[in-house]
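Chain by chain, the residues:
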Amino acid sequence: MKENPEELNNNGILLSKKGMFLEAISCFKRAITLNQKNYLFWYNLGITYRDSGQLKKAKSALEKSFQLYKKDSSVVEMLAIVCLELEDYDNASNYCYDELQKNTNNYNMWNTIGVIAFKKQDYNFAATCFEMSLSINPYNYDSLYNLKDTYAELGNNSGRLECEQKLKELKNGKILVLIMWNIMI
């Protein structure tokens, strides 16, 4: 029976979702052995390494995915996040800025740049980045949460309280109802 790399990839995804990382990694590696040029196999391997706490291996797999196909913003976003988790702020920033040159409306990249700035204790720039992210997608929970923390660091109590209120509304689904209402109108 001939092995199918796509089937191995799909099995790897299912195993990873169940927390069976070693088995998932084996599936992705076998799929890659059969088809080394499929960037999604490398991407899924990188995510699984990340989820299993193997950040250096995650970075390596994601870099290979990026080399194979530079146009998938999901790959660049995950690569930037893994670099951030490795405290490789320069590379994380470079990936973000390169992606933002292609698409200035990528609110996830603005959020990631904000997190990098926050980690470097550049709270003013972090706030600007989170605000930019929210100007593109006002319902991004991560950016709103990060902005709340940044405002707290800056001593902007009214901004922090406004963020807390919006976070509660998001959590309670009030904003989701408004979004759906606006879509229906």
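Computed from a predicted structure; not experimentally measured.

A.B. asks: Honestly, the nonpolar core in this entry has me stumped. Any pointers?
C.D. replies: In summary, soluble globular proteins display a tendency toward joint burial of nonpolar side chains. Counting 48 residues, the largest nonpolar core has Leu45, Tyr95 and Leu147 as the members making the most contacts within it. In terms of residue count, helix H5 (residues 73–85) provides more of this core than any other element does, eight residues in total.

A.B. asks: What am I meant to see in unusual backbone geometry here?
C.D. replies: Most peptide bonds are trans, and most residues other than glycine sit at a negative phi. For glutamate 87, which is not a glycine, the phi torsion comes out positive at approximately 60°. Relative to the helices and strands, glutamate 87 resides in the loop between H5 and helix H6 (89–102). A relative accessible area of 59% means that glutamate 87 is categorised as exposed.

A.B. asks: What am I meant to see in the confidence of the model for the protein chain here?
C.D. replies: Note that predicted coordinates carrying low pLDDT should not be read in detail. Taken as a whole, the protein chain shows an average pLDDT of 93; of its residues, 93% reach a score of 70 or greater. A low-confidence stretch, residues 177–185 stays under pLDDT 50, and its non-local contacts, those more than four residues away or across chains, total one contact.

A.B. asks: Could you clarify how one ought to interpret the pattern of salt bridges in this entry?
C.D. replies: If charged atoms from side chains of opposite charge come close, those side chains can pair. Applying the stated criterion across every chain yields a total of seven salt bridges. For lysine 59, the salt bridge is made with aspartate 88, and the minimal N-O distance between the two is 3.0 Å. Separated by 29 residues along the polypeptide, lysine 59 in helix H4 (residues 55–68) and aspartate 88 in the loop between H5 and H6 bring together distant segments of the chain. Judged by its relative accessible area of 16%, lysine 59 is buried. Here glutamate 99 makes a salt bridge to lysine 102, at a shortest N to O gap of 3.8 Å. Of the two residues, glutamate 99 and lysine 102 both sit in helix H6, three residues apart, roughly one turn of that helix.

A.B. asks: Could you clarify how one ought to interpret H5 in this entry?
C.D. replies: Residue pairs three or four apart in sequence face the same way in an α-helix, which turns once every 3.6 residues. Under the 1.5 Å per step criterion, the end-to-end length of H5 is 18 Å for 13 residues, consistent within 8% with the ideal 18 Å. Taken together, the buried positions of H5 are occupied by Val75, Val76, Glu77, Met78, Leu79, Ala80, Val82, Cys83 and Leu84. Looking at the buried residues of H5, the elements they touch are helix H3 (39–51), H4, H6 and helix H7 (107–119). The opening residue of H5, the one whose side-chain oxygen lies 2.9 Å from the backbone nitrogen of serine 74, is aspartate 72. Downstream of H5 by a residue or two, glutamate 87 has a phi angle that is positive, lying close to 60°.

A.B. asks: Even after reading the chapter, I still don't get the packing of helix H2 (residues 21–34) against H3, so can you show me in this structure?
C.D. replies: Between two packed helices, both the angle of their axes relative to each other and the distance between the axes serve to describe the pair. In the contact formed by H2 and H3, the axes pass within 9 Å of each other and the chain directions differ by 160°. The angle between H2 and H3 falls in the class roughly antiparallel. In this structure, H2 meets H3 at a crossing whose hand is left-handed. The residues of H3 that touch H2, namely those facing Phe21, Ala24, Ile25, Phe28, Lys29, Ala31 and Ile32, are Phe41, Trp42, Asn44, Leu45, Thr48, Tyr49 and Asp51. Here the residues of the contact of H2 with H3 sort into ten nonpolar, two polar and two charged.

Criteria and thresholds
- Residues numbered from 1 in each chain as written.
- Predicted model: local features only at pLDDT ≥ 70, side-chain atom pairs only at ≥ 80, totals over all residues.
- Heavy atoms only, no water.
- Core = buried A, V, L, I, M, F, W, Y, C linked by side-chain atoms within 4.5 Å.
- Buried < 20%, exposed > 50% of the residue type's maximum accessible area, 1.4 Å probe, protein only.
- Helix = DSSP H or I, 4+ residues; strand = E, 2+ residues; numbered from the N terminus.
- pLDDT = per-residue confidence, 0-100.
- Contact = heavy atoms within 4.5 Å.
- Salt bridge = Lys/Arg side-chain N within 4 Å of Asp/Glu carboxyl O.
- Expected span 1.5 Å × (residues − 1).
- Polar contact = N/O pair within 3.5 Å; in protein donor to acceptor, adjacent residues only side chain to side chain.
- Axes fitted to C-alpha atoms, helices over the stretch in contact; angles between N-to-C directions.
- Parallel < 35°, antiparallel > 145°, perpendicular 65-115°, else oblique.
- Left-handed = near helix turned anticlockwise from the far one by under 90°.
- Nonpolar A, V, L, I, M, F, W, Y, C, P; charged D, E, K, R; others polar.

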